[in-house]
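The residues making up each chain are set out below.
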Amino acid sequence: MKFSDLGLNENTLKAVADVGYKEPTPIQQKAIPEILKRNDVMGIAQTGTGKTAAFTLPMIDILANGRAKALMPRTLILSPTRELAMQIAECFQNYGKYQKLSMALLIGGESMIEQQKILSRGVDVLIATPGRMIDLCERGRILLRDVQIFVLDEADRMLDMGFIPDVEKIAAKLPAMRQTLLFSATMLPEIKALAKKFMKFPVEVRVDPAMSAADTVEHFIVKTNERGKREVLRNLIRSENVQNAMIFCNRKKDVDILFKSFTKHRFSVAALHGDMAQGARTETLNDFRDGKVQLLVCSDVAARGLDLPDVSHVFNFDVPVNPEDYIHRIGRTGRAGKTGRAFMLVTSADFKALALIEKMIGKKIEEMSRFSIEMDPPPEPKSRRHGKNGKQVRPEKPTPEKKGKEKRKKSEMAAKKAASAQEAKEKKEVKKENFRHKKHGGHIRKTAGVSVSDAVEIKAFGKTMPAFMMNEVKLS
Ligand code: AMP
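The rules we used
- Residues numbered from 1 in each chain as written.
- Predicted model: local features only at pLDDT ≥ 70, side-chain atom pairs only at ≥ 80, totals over all residues.
- Heavy atoms only, no water.
- Core = buried A, V, L, I, M, F, W, Y, C linked by side-chain atoms within 4.5 Å.
- Buried < 20%, exposed > 50% of the residue type's maximum accessible area, 1.4 Å probe, protein only.
- Helix = DSSP H or I, 4+ residues; strand = E, 2+ residues; numbered from the N terminus.
- Contact = heavy atoms within 4.5 Å.
- Pairing = 2+ DSSP bridges.
- Axes fitted to C-alpha atoms, helices over the stretch in contact; angles between N-to-C directions.
- Parallel < 35°, antiparallel > 145°, perpendicular 65-115°, else oblique.
- Nonpolar A, V, L, I, M, F, W, Y, C, P; charged D, E, K, R; others polar.

**Student:** Mind laying out the nonpolar core, listing which residues take part and the relevant values?
**Tutor:** Formed by 36 residues in total, the largest nonpolar core has its most connected members in Phe55, Leu57, Ile77, Phe92, Ile127, Val151 and Leu181. Among the elements that take part in this core, helix H3 (residues 51-63) stands out by supplying eight residues, more than any other. When residues no more than four places from it in sequence are discounted, the contact partners of Val151 are Phe55, Met59, Leu76, Ile77, Leu78, Leu181 and Phe183. One finds Met42, Leu126, Leu174 and Ile191 within the second-largest nonpolar core, a separate group that totals 35 residues.

Below is the structure:
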């Protein structure tokens with residue numbers, strides 16, 4: 001199939017030809033005609049399948065007619081990360097170069113004033129991360145009632161990152177008459193529920209992640225113990241013909257540790273995770289893209305949506321907790337028809353997570369045993385405690401001594417409770433009495449435990465006065 005068969009206009013086809021794409025990818029073949037027909041579309045596709053062009057190309061066509069009003073964007077694209085948002089913006093710039101479209105990026109880490117200025121002029125395309133978008137919506141700096149197309153990109157990632165409540169708030173401000181496009185790598189029940197809530201009779205287009213992962217990526221596991229992980233990884237990298245690689249850790253803390261370790265061993269390495277300032281993230285990514293650094297140690301936030309087509313290897317320093325993350329991670333290699341290699345370090349604590357991944361991709365991952373080292377003994381299940389002989393230990397029965405101690409403790413607590421109730425009662429009575437005094441013109445006032453000769457004196461305590469005395473002042 002050719003791009004010209006999809007119903008795109010001449011300007012868009014010219015821009016696609018300039019970028020050098022020969023034919024549409026499967027997701028583009030399926031999604032573009034449906035979007036042009038103005039149907040709601042639910043796209044099940046991971047990054048690397050060409051899904052960004054699958055929605056940006058028809059949007060550019062649709063937006064060719066019409067103009068944006070001040071503060072009222074005509075389309076809204078929500079993306080989970082700043083990097084992904086920036087890439088989508090780049091696609092609009094590339095593919096929309098023969099059409100005059102205005103665009104604004106609303107992402108954290110960028111100047112809000114600048115972003116607002118652009119918005120106030122009116123934009124055709126607004127690309128935003130949910131946090132920044134909510135911020136502006138709540139301040140009334142942006143009106144969404146003119147949005148004709150709403151795109152929710154990487155919805156499953158939004159879910160992982162806890163953005164769904166924000167997305168729901170934003171969607172509530174959109175007009176009911178709109179086209180909605182939702183993309184997700186996996187079809188979790190929560191994503192299905194979102195689709196039901198946000199979309200009308202969506203057409204489902206799907207690129208099977210298991211198929212696309214298996215086709216162009218060779219994956220392997222390497223068995224290791226916890227202490228030996230870094231050395232195993234270094235050996236692996238040295239023996240593989242690594243042009244450039246992304247190395248994934250489950251925690252940001254480990255990204256930093258691994259980065260330091262690689263630096264110490266004189267590897268060409270950079271680190272990327274969500275806590276870094278936007279400037280530093282962009283710079284790191286550019287360095288990696290330009291080949292100035294060979295290895296990029298990163299967290300899962302960096303796994304999605306980054307357009308780094310020439311990654312030769314992916315190393316999973318940790319087995320991801322969610323099997324979908326594995327698909328995303330290895331989706332960084334073997335992109336756009338190229339082949340890639342992915343390795344995952346597996347410890348004895350990871351077998352359950354590994355089994356889930358294998359179930360998801362529909363095959364067992366081969367072991368690269370020449371790099372494997374001895375594993376630690378499997379960790380004990382948390383629910384059971386074992387004695388020295390390996391038998392299950394029952395919870396201890398309380399001794400009579402222990403029972404007596406508990407009883408004493410209970411009665412002490414009850415006595416304390418009764419005393420404080422009595423004290424509260426006394427305070428209440430004192431308050432009542434003072435009120436009666438005041439009513440009858442008396443000068444001597446009492447507070448619980450404190451006698452004060454006149455209300456004026458109480459006022460002299462000023463700000464440091466105890467709370468119950470302040471009440472007394474209010475009475476005078
Ligand atoms: P995405 O899945 O949107 O992250 O795209 C992954 C990569 O595929 C990007 O580098 C795109 O530039 C590239 N790409 C998108 N569509 C095509 C196409 N039809 N032919 C070749 N490469 C493409």
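**Student:** Give a detailed account of the sheet that holds strand E12 (residues 313-316), specifying residues and quantitative values.
**Tutor:** Taking strand neighbours across the sheet as the criterion, the seven strands line up as E10-E11-E9-E12-E13-E8-E14 in an open arrangement whose pairing is parallel. Each edge of the open sheet carries a strand with a single partner, namely strand E10 (269-272) and strand E14 (366-367). The sheet contact formed by strand E9 (residues 245-248) and strand E11 (residues 295-298) spans four bridges and is parallel. Across the sheet, residue Ile247 finds its bridge partner in E11, namely Val297. Lying over the sheet, helix H12 (residues 252-264) contacts E9, E10 and E11, oriented at roughly 170° with respect to E10. Its contacts with the sheet put helix H15 (residues 351-361) on strand E8 (217-223) and strand E13 (340-346), and the angle it makes with E13 is roughly 150°.

**Student:** Tell me about the packing of helix H8 (residues 164-172) against helix H9 (residues 189-198), and please be specific about residues and values.
**Tutor:** Orientation of H8 relative to H9, taken along the N-to-C sense of each, is 10°, at an axis distance of 12 Å. Taken together, the axes of H8 and H9 are roughly parallel relative to one another. Counting all contacts with H8, which are made through Ile164, Val167, Glu168 and Ala171, the residues of H9 involved are Leu194, Lys197 and Phe198. In the contact of H8 with H9, the residues fall into five nonpolar, no polar and two charged.

**Student:** Got a sec to walk through the environment of Met177? Specific residues and values, please.
**Tutor:** Examined against the element boundaries, Met177 turns out to sit in the loop between H8 and strand E6 (179-184). Owing to a relative accessible area of 75%, Met177 belongs among the exposed residues under this scheme.

**Student:** Describe the pairing of E12, listing the residues and the values that go with them.
**Tutor:** A two-sided burial pattern is seen for E12, the buried positions comprising His313 and Phe315 on one face and Val314 and Asn316 on the other. Relative to E12, E9 runs parallel, the two being bridged by four bridges. If you follow Ile247 over to E12, its bridge partner there is Phe315. Examined bridge by bridge, E12 and E13 share four bridges and lie parallel to one another. The partner of Phe315 across the bridge, within E13, is Phe343.

**Student:** Please set out unusual backbone geometry residue by residue, giving values where relevant.
**Tutor:** At Glu154, a position not held by glycine, the phi torsion is positive, near 50°. Along the chain, Glu154 falls in the loop between strand E5 (149-152) and helix H7 (155-160). A positive phi angle is found at Phe201, which is not glycine, with a value near 40°. The topology assignment puts Phe201 in the loop between H9 and strand E7 (203-206). Take Phe201: its relative accessible area is 79%, and that puts it in the exposed class.

**Student:** If you had to explain the sheet that holds E7 to someone new, which residues and values would you point to?
**Tutor:** Across the sheet, seven strands lie side by side as E3-E4-E2-E5-E6-E1-E7; this open sheet has parallel pairing. Of all strands in the sheet, those bounded by a partner on one side alone are strand E3 (103-106) and E7. Averaged over neighbouring strand pairs, the angle between their axes works out to 15° when direction is ignored. Packing against the sheet, H9 makes contact with strand E1 (41-44), E5 and E6, and its axis sits at approximately 175° to E6.

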